[in-house]
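Here is how the chains run, residue by residue.
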Amino acid sequence: MDLSKMAVSINKAINTQEVAVKEKHARTCILGTHHEKGAHTFWAAVNRLPLSSNAVLCWKFCHVFHKLLRDGHPNVIKDSMRNKADLTDMSRMWGHLSEGYGKLCSIYLKLLITKMEFHIKNPRFPGNLQMSNRQLDEAGENDVNNFFQLTVEMFDYLECELNLFLGVFSSLDMSRSVSVTAAGQCRLAPLIQVILDCSHLYDYTVKLLFKLHSCLPADTLQGHRDRFQEQFKKLKSLFYRSSNLQYFKRLIQIPQLPENPPNFLRASALSEHISPVVVIPAESSSPESEHMVETEDLVDTDIPVLPAAVETKFDDLFGTSAATDPFNFNSQNGMRKDDKDRLIEQLTREIQALKEELESFRLESGRLCQALRGRVSELEAELAEQSHLRMQAVGESEFLKAELDDLRRVKEDTEKEQRSLTEIERKAQANEQRYTKLKEKYTELVQSHADLLRKNAEVTRQMTVARAAQDEVEAVRKEMQEKVKAAQEAADRQEKEQLEQLQELQTELVSSRAELGVLKTTMTSSQQSSEALSTQLSTLESEKAELVETLSKREAELTSMGEDLEQAQSSLAIERESGVKTAEALQNQLNEKESREQALENQLVAARWASLLGAVEEAERIVRDSLVQIDDPTHISCTSSAEYLASRCQASLDCMDRLQSTREAFLADNTGVSELMRAVTQFGHLVGDAIVQGSATSHMVPVEQADELSESVKACGSEALALLGLLKEQESLATADDSTLRKALEGILAAAEKLRPRGLELQQGELGDLVEQEMAATSAAVESAAARIEEMLNKSRAVDTGIKMEVNERILASCTDLMQAIKGLVLSSKDLQRDIVESGRGAASMKEFYAKNSRWTEGLISASKAVGWGATVMVDAADMVVQGKGKFEELMVCSHEIAASTAQLVAASKVKADKDSTNLHRLQQASRGVTQATAAVVASTKSGKSQIEDKDTMDFSSMTLTQIKRQEMDSQVLVLELETRLQRERERLGELRKKHYELAGVAEGWGEEEEGTG
């Protein structure tokens, strides 16, 4: 098959049209997986589809994928497990919708994930779940635990199937004929696959429950029976509702479940169970293509033609009507009477046969007529149903038209809302742009304001400089004016003086002409000085004009600067006014933003507190669940080690320190709520685990210590709940005191430390020394036992005679051989341990090696103790037997116990040994020697017992009938008492072995690496 054709079929089958998937497209996809031997092409095409954006598309994908899981190639399930995470995320996403295809897609995806997980865990089950009873037994591997787990998984699988069934039916309006509409068929079509799965799951569940009830007590399976009862009621109701739908009547024949569920408490009820069978027609035709049955096709209304032989026989008897006159009796009168009688009888028989044949024809005709009438009635009923369906279709069409109008109106409203939303978004964008521009303008204004401030400072500085220059010019002008005034005053004074001199000269001129030349000379000099003063005066006036011109220029510059200053001040005032307005608007926006930020901050604080409250409530639920779990009767079988309990308590105490620090950090800064939430959640888990492990540890200790530990655990749970209750209140969060809970945890930790095995407390040096001490003590015990046996043998030879001496010698000799074999075994074990230590310690010392391998070392110590103790007990038992005070059975039991102890020592010694070691072979030979010696002890004991018992032969010759009957009754009573005592002792032995195993496990640290309860 072309893979491109398969991809085209996938796209045609999985589309957005709300119609059922066409069978031919699904069949092409299934054939494609068998041709490809996998589902790579299917997933390559599906991954390109927008399954997360269209619910109808996702629904049809689930339908096609379900068909592929059932009827496709077996590798489809393995190839699809790679996409399990994507399917889980898609199911979670569609689960947020509460109605429509979204919710159905979420349920369907969960069902498909459950189906894939079931087939991955149970690969013997094919995708279509069709298996024989033998294959079902092989799937469970004839193990009741596997059958128990398989039944639970089938219950979960069937629960997902029923959820999809109920989800589809609840999403349909069952008051109308939805099964004839395309939308209804789109939702109902996947239920055919669900019906096929449910029928097989129901059948296998019934068979597995009968098998479990044959192996387990009824009380243990009460939960299974309750769950089956609930699923049986749902499945029966759903099968009945489905069988009444018109859509399923022509596609599938749905079985009906029995009225009452099977009685699993009665084993014979399995023979009454009938497996439900779902029948799918080979070619499912639509109601439109069914042809109407015509009457002529059912019965032939032509008159049946008599056989030619009958007609010929009639002509032979009566003659033909054309050739013979029927009323001509001339020829008949000549016939013999017996021929007539024979003929009459023959005709009578033939008439009777014809009557019977006619009656059968009449009955057949009546039956056919009745069938035709029934068919006509069925057709009339079907016609009425079709008319009713047509009326419903018309009503539904009108309803759909009304819905279409509503949808159009809703669409128009949606478009209007979309346009308004677009307009609002555009306005919001414009406002955002305006806000951005205002922000930029504000920035520019701030910048320009700063520039203006700088310009103002510069202008002020220039004005200050100008004023200083003006003051300087004024000072210079005043100084020049003063100089000019002084010069004028000096000229006036000089002129006055000259005038006075002139007057004096004129006066003297009259008096003395003689002095005329002198006066003329003086006058000439005066005129020259006057000219010099005039030149100086003109120079001063020109300087004054220049200073006045400079002053006018300065005043003009000052005037222009003043005008520029006024313009700058006016523009600065305008800019200040606009800046103030802009600042006010920005301040308002800033206030609004601060108010929104404050509201968001309040919401954030509330959300943080709500998250913390949820974490605290979750921690409370975990602690309460732990307290409920320790009171559960099924928890009694759970056990744990004291060391693991101590580790859990220490982890809880560390978590309390972290909780205290994170709580203080949260009170200082409430933004650190995530750390506090994690600390609270971890606190709940660790305290709950400590409670459960404490209860589990109490199941392995003596009653007094168990009660004390249980009370401490419950008190710890109560204190934890009290602390969490304080953490839920904001007022008590800061003042919550955890000292009481800390004391309770420390008490549990102390109790666990007391219960820890002694070997765990030993230091490195102590553990190595203890190995040497125990091995030396074992050797000493064996030597002492051998010496005592030799002493007992000498005493028996001196005291006993006859058979008793022979029996005692044989028993003590076999015990001596056993002691020698044990001694050789201990020496071989020491040599092998020395080789192990030398080869495995490296640069470390022997004590460090023993400490590093503490578990192996503790096994050696335990085995050595058991061997020494067994030798001592066997010697005591042999002594009692030799003295006639003991029992031979005690000696045999001691021999078996020594064999078991030596086997433990051999196993502990060779667990780390090299398989090619010479000392290992010697140890194995010594072990076989111990086994043979133990067998010799048991054989000699049994032989001696039989020899001694043969001495007391039973002689009943002198007893009467009554005495023999009396003795017989006494023997029967004694036999019953001994059997009862034997049964009781066997039970006691089993309990003692179980308790010994538990105490040995605690003492040796078994289960140290196991975490959690068993």
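Residues numbered from 1 in each chain as written. Predicted model: local features only at pLDDT ≥ 70, side-chain atom pairs only at ≥ 80, totals over all residues. Heavy atoms only, no water.

**Focus: helix α12 (residues 222-243)**
With 22 residues, α12 should reach 32 Å at 1.5 Å per residue; the first-to-last C-alpha distance of 32 Å fits that figure. When we look at burial in α12, the residues that qualify are His224, Arg225, Phe228, Gln231, Phe232, Leu235, Leu238, Phe239 and Ser242. The buried residues of α12 occupy an angular sector of 155° when the element is viewed end-on, so they sit on one face. Exposed residues on α12 whose side chains face more than 90 degrees from its buried face are Lys233 and Tyr240. (Helix = DSSP H or I, 4+ residues; strand = E, 2+ residues; numbered from the N terminus. Expected span 1.5 Å × (residues − 1). Buried < 20%, exposed > 50% of the residue type's maximum accessible area, 1.4 Å probe, protein only. Arc of directions from axis to C-beta.)

**Quick look at the environment of Ala615**
Among the secondary structure elements, Ala615 is positioned in helix α18 (residues 516-630). Its relative accessible area of 9% is what places Ala615 among the buried residues. Beyond its immediate sequence surroundings of up to four residues, Ala615 is in contact with Met677, Val680 and Thr681. (Contact = heavy atoms within 4.5 Å.)

**Brief notes about the packing of helix α19 (residues 642-668) against helix α23 (residues 739-755)**
With their axes 8 Å apart at the nearest point, α19 and α23 run at an angle of 155° to one another. Viewed along their axes, α19 and α23 adopt a mutual orientation that is roughly antiparallel. Crossing of α19 against α23: the hand is left-handed. Across from Ala642, Leu645, Ala646, Cys649, Gln650, Ser652, Leu653, Met656 and Asp657 in α19, the residues of α23 making contact are Leu741, Arg742, Leu745, Glu746, Ile748, Leu749, Ala752, Glu753 and Leu755. Here the residues of the contact of α19 with α23 are counted per class, giving twelve nonpolar, two polar and four charged. (Axes fitted to C-alpha atoms, helices over the stretch in contact; angles between N-to-C directions. Parallel < 35°, antiparallel > 145°, perpendicular 65-115°, else oblique. Left-handed = near helix turned anticlockwise from the far one by under 90°. Nonpolar A, V, L, I, M, F, W, Y, C, P; charged D, E, K, R; others polar.)

**A few points about the packing of helix α2 (residues 23-36) against helix α4 (residues 55-71)**
Relative orientation of the contacting elements α2 and α4 amounts to 45°, with a least axis distance of 10 Å. Relative to α4, α2 is oriented oblique. α2 and α4 meet at a crossing whose hand is right-handed. Seen from α2, the contacting residues are Glu23, Ala26, Cys29, Ile30, Thr33 and His34; seen from α4, they are Lys67, Leu68 and Asp71. The residue inventory of the contact of α2 with α4, partitioned by class, reads four nonpolar, two polar and three charged.

**Remarks on the side chain of Asp79**
Inspection of the secondary structure assignment puts Asp79 in helix α5 (residues 75-80). For Asp79, a relative accessible area of 9% gives the class buried. Every residue in contact with Asp79, bar those within four places of it in the chain, is listed here: Gly38, Ala39, His40 and Trp43.

**Examining the nonpolar core**
Counting residues in hydrophobic clusters, the biggest one holds 93 residues, and the most contacted among them are Ile14, Phe42, Phe61, Phe125 and Phe248. Considering every element that reaches this core, the biggest residue donor is helix α11 (residues 191-213), with 14 residues. The contacts of Phe248, once residues within four sequence positions are left out, are Leu188, Leu191, Ile192, Ile195, Ser242 and Ile254. Cys649, Ala651, Met656 and Phe666 belong to the second-largest nonpolar core, a separate cluster that totals 44 residues. (Core = buried A, V, L, I, M, F, W, Y, C linked by side-chain atoms within 4.5 Å.)

**Here we look at the confidence of the model for the protein**
Summing up the model confidence of the protein, the mean pLDDT is 77 and the portion of residues at 70 or higher is 81%. Ranking the elements of the protein by mean pLDDT puts helix α14 (residues 295-298) last with 34 and α4 first with 92. Confidence drops under a pLDDT of 50 for residues 759-765, and excluding neighbours within four residues, the segment shows 13 contacts in the predicted structure. Considering only residues more than four positions removed or in separate chains, one finds that residues 1006-1014, a stretch of pLDDT under 50, has 22 contacts. (pLDDT = per-residue confidence, 0-100.)

**Things to note about the side chain of Asp203**
Turning to its location among the elements, Asp203 is positioned in helix α11. Residue Asp203 is classed as buried on the basis of its relative accessible area of 8%. Residues in contact with Asp203, not counting those within four places in the same chain, are His273, Ser275 and Pro276.

**A look at helix α21 (residues 703-727)**
With 25 residues, α21 should reach 36 Å at 1.5 Å per residue; the first-to-last C-alpha distance of 36 Å fits that figure. Within the sequence span of α21, burial applies to Ala706, Leu709, Val713, Cys716, Gly717, Ala720, Leu723, Leu724 and Leu727.

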